[in-house]
Amino acid sequence: MSQQVILCVDDEIIVLEALKEQLRKALDDNYIIEIAESGDEAIEIFNELVEEGMEIPVVIADFIMPVMKGDQLLEEIHKISPITKKIMLTGQASIEGVSHAINYADLYRYIPKPWEKEDLVLTIKEAIKSYSQENIILKQNQELTELNKNLEQKVVERTKQLEELNASKDKFFSIIAHDLRNPYNTLLGFTELIRDNIENFSQDQLKEYISILFESSRNSYSLLKNLLEWSRSQTGTLKVIPEKFDLHKLGIEVLNLLEAHALKKDIEIINEISEGTFVFADYNLINTVIRNLISNAIKYSSKGSQVVFNCKKKDSFIECSVSDSGVGISEQNIKKLFRIDQNYSTSGTDNESGTGLGLLLCKEFVEKSNGKIWVESELDKGSQFYFTLPLAED
């Protein structure tokens, strides 16, 4: 047990010395006896002891003292430490003074002067015991309060997790029920039409219908690929394997994949990333991020415009951007992006469908790569999606 302090306050030094001597003999070495000759000095000493982390189980104060009487002193002590036991030791205390100490300082005992040594020592020991018991209860209550706080926080966190799981489930079924069904309806409808009437179609009609089938198949494949990757990330089976790779080369790979789709809308994709821009991240995850961001930029850009993939070095990171001059996003809808609990998607400039799943993947995959993702956009002025990746060490 750490040392504790008994504070004795009296304006007569001979009384203080007698108290100090009697208490030192009666109490073990775990207690330090401090003295003060006035209320102001006592408060100063008390505050210093508290700042030093000392415990003061008992304060003994005379009633009649200059400037500050004993009941006033004990009231001030009570404001600082309610569980400290306050004892008034005097031969001249008034009923009003004692009552004031009882009501405003939770006075433990009043002992008249001259005191009986045995009575004084017994009272002090009982006060110390009472203080210890209350201190234990106080600490237990504090621990229970902290435990309840932690439990409440865990409940909040668990509730949030369940809400996110429910939102993920709803998102999944929404995609399956609507967005994945639509392209398959197109596939089924047009393949049946061609099968039953192929001899009646010209080459140009067949070419047009096959182009529609191809576009629908590509959209379905892209959506299925995102669904598979998202499912793996949600079930914890997605493995993140960071490596050093050239972002310029990955950009070329993605641009080649999306070039046909961009040409259909007469959109130019520009890779402004310099060769030899090395980052340290999972190659496949970042491939998915860039593919989704550039696909979205193409989807929401007008014919004849440009989509630019660029980056710049910032400290130990590379800040990448995918920019377009398309339809843009309102400030209100920007807040809904990257969130599973907010269902936000709009049709592209050629009525292409969207689910918002791609941006959820981008956020998750960028964060798994120790990066951040955000967007800046204005309606009818285009969008700039930014994400950061760790710079590879030489």
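This structure is a prediction, so every number in the text was calculated from the model and none was measured.

1. Notes on the overall build of the protein
Scanning the protein from terminus to terminus reveals 11 helices and 12 strands. Taking 21 Å as the expected radius of gyration for a compact globule of 394 residues, we find that the protein reaches 39 Å, considerably beyond that expectation. Counting all 394 residues of the protein, 43% fall into the buried class. When the accessible surface of the protein is totalled, it reaches about 22,200 Å², and 51% of it is carbon and sulfur. Placing the 43 positive and 65 negative side-chain charges of the protein at their respective mean positions leaves the two points 7 Å apart.

2. Quick look at helix α2 (residues 39-51)
Taking 1.5 Å per residue as the helical rise, α2 with its 13 residues ought to reach 18 Å, and the 18 Å between its terminal C-alpha atoms agrees with that figure. Where α2 begins, the side chain of S38 points an oxygen toward the backbone nitrogen of E41, at a separation of 3.2 Å. Of the residues one or two after α2, G53 is the one with positive phi, at around 85 degrees.

3. Quick notes on the pattern of salt bridges
Counting across every chain of the model gives 11 salt bridges. Between D10 and K113 there is a salt bridge; the shortest N-O distance is 3.0 Å. On the criterion of sequence distance, the pair formed by D10 in the loop between β1 (4-9) and α1 (13-26) and K113 in the loop between β5 (107-111) and α5 (117-179) is long-range, its members being 103 residues apart. D10 gets classed as buried once you look at its relative accessible area, which sits at 2%. What makes K113 partly exposed here is its relative accessible area of 25%. One network of salt bridges, with partners in common, ties together D10, D62 and K113.

4. Here's the deal with a negative patch on the surface
On the surface, a cluster of negative charge is contributed by D11, E12, E17, E37, D40, E41, E44, E48, E51 and E52. Of the residues forming the negative patch, the biggest block, five residues, is contributed by α2. Here E37 shows up in the loop between β2 (31-36) and α2. You can call E37 partly exposed: its relative accessible area is 41%.

5. What about the side chain of D246?
Mapped onto the fold, D246 is located in strand β6 (residues 242-246). Of the side chains bearing the opposite charge, K249 lies closest to the buried D246, which forms no salt bridge; the N-O distance is 4.9 Å. A polar side-chain atom of D246 sits 2.9 Å from the main-chain amide nitrogen of G276. Those residues in contact with D246, other than ones at most four positions away along the chain, are S274, E275, G276, T277 and F278.

6. Brief notes about the confidence of the model for the protein
The share of residues in the protein with pLDDT of 70 or more is 90%, and the mean pLDDT across the chain is 86. When mean pLDDT is compared element by element in the protein, strand β12 (residues 382-390) scores highest at 95, while helix α7 (residues 203-235) scores lowest at 77.

7. Things to note about the packing of helix α3 (residues 70-80) against helix α4 (residues 95-105)
Closest axis-to-axis distance for the α3/α4 pair is 9 Å, and the angle between their directions is 5 degrees. Classified by the interaxial angle, the pair formed by α3 and α4 is roughly parallel. The residues of α4 that touch α3, namely those facing D71, L74, E75 and H78, are G97, H100, A101, Y104 and A105. Split into classes, the residues belonging to the contact of α3 with α4 amount to four nonpolar, three polar and two charged.

8. Re the sheet that holds strand β9 (residues 306-314)
Judged by pairing direction, the sheet is mixed, and its five strands sit side by side in the order β7-β9-β10-β12-β11 without closing on themselves. Edge positions in the open sheet fall to β7 (268-271) and β11 (373-378), since each of these has one partner strand only. Each neighbouring strand pair of the sheet contributes to a mean axis angle of 15 degrees, computed without reference to strand direction. By the bridge criterion, four bridges tie β7 to β9 in an arrangement that is parallel. Within β9, the position partnered with N271 by the bridge is F309. Along the sheet, helix α8 (residues 247-264) makes contact with β7, β9, β10 (317-324) and β12, crossing β7 at roughly 175 degrees.

9. A short note on the nonpolar core
Ranked by size, the top nonpolar core spans 40 residues in total, and within it L247, I290, I294, F309 and F387 carry the most contacts. Secondary-structure elements contributing two or more residues to this core are α8, β8 (278-282), α9 (283-299), β9, β10, α11 (357-368), β11 and β12. Ignoring anything within four residues of it in the chain, the contact list for I294 reads V254, L255, L258, I269, V307, F309 and V322. Judged by nonpolar contacts, the second largest core, of 23 residues, contains F46, I56, V59 and M65.

Rules behind the numbers
- Residues numbered from 1 in each chain as written.
- Predicted model: local features only at pLDDT ≥ 70, side-chain atom pairs only at ≥ 80, totals over all residues.
- Heavy atoms only, no water.
- Helix = DSSP H or I, 4+ residues; strand = E, 2+ residues; numbered from the N terminus.
- Rg over C-alpha atoms; globule rule 2.2 N^0.38 Å.
- Buried < 20%, exposed > 50% of the residue type's maximum accessible area, 1.4 Å probe, protein only.
- Areas by Shrake-Rupley, 256 points an atom, 1.4 Å probe, with all protein chains shown as cover.
- Lys, Arg positive; Asp, Glu negative; His and termini not counted.
- Charge placed at Lys NZ, Arg CZ, Asp CG, Glu CD.
- Expected span 1.5 Å × (residues − 1).
- Polar contact = N/O pair within 3.5 Å; in protein donor to acceptor, adjacent residues only side chain to side chain.
- Salt bridge = Lys/Arg side-chain N within 4 Å of Asp/Glu carboxyl O.
- Patch = residues over 30% accessible without salt bridge, like charges linked within 9 Å, V, L, I, M, F, W, Y side chains within 5 Å.
- Contact = heavy atoms within 4.5 Å.
- pLDDT = per-residue confidence, 0-100.
- Axes fitted to C-alpha atoms, helices over the stretch in contact; angles between N-to-C directions.
- Parallel < 35°, antiparallel > 145°, perpendicular 65-115°, else oblique.
- Nonpolar A, V, L, I, M, F, W, Y, C, P; charged D, E, K, R; others polar.
- Pairing = 2+ DSSP bridges.
- Core = buried A, V, L, I, M, F, W, Y, C linked by side-chain atoms within 4.5 Å.

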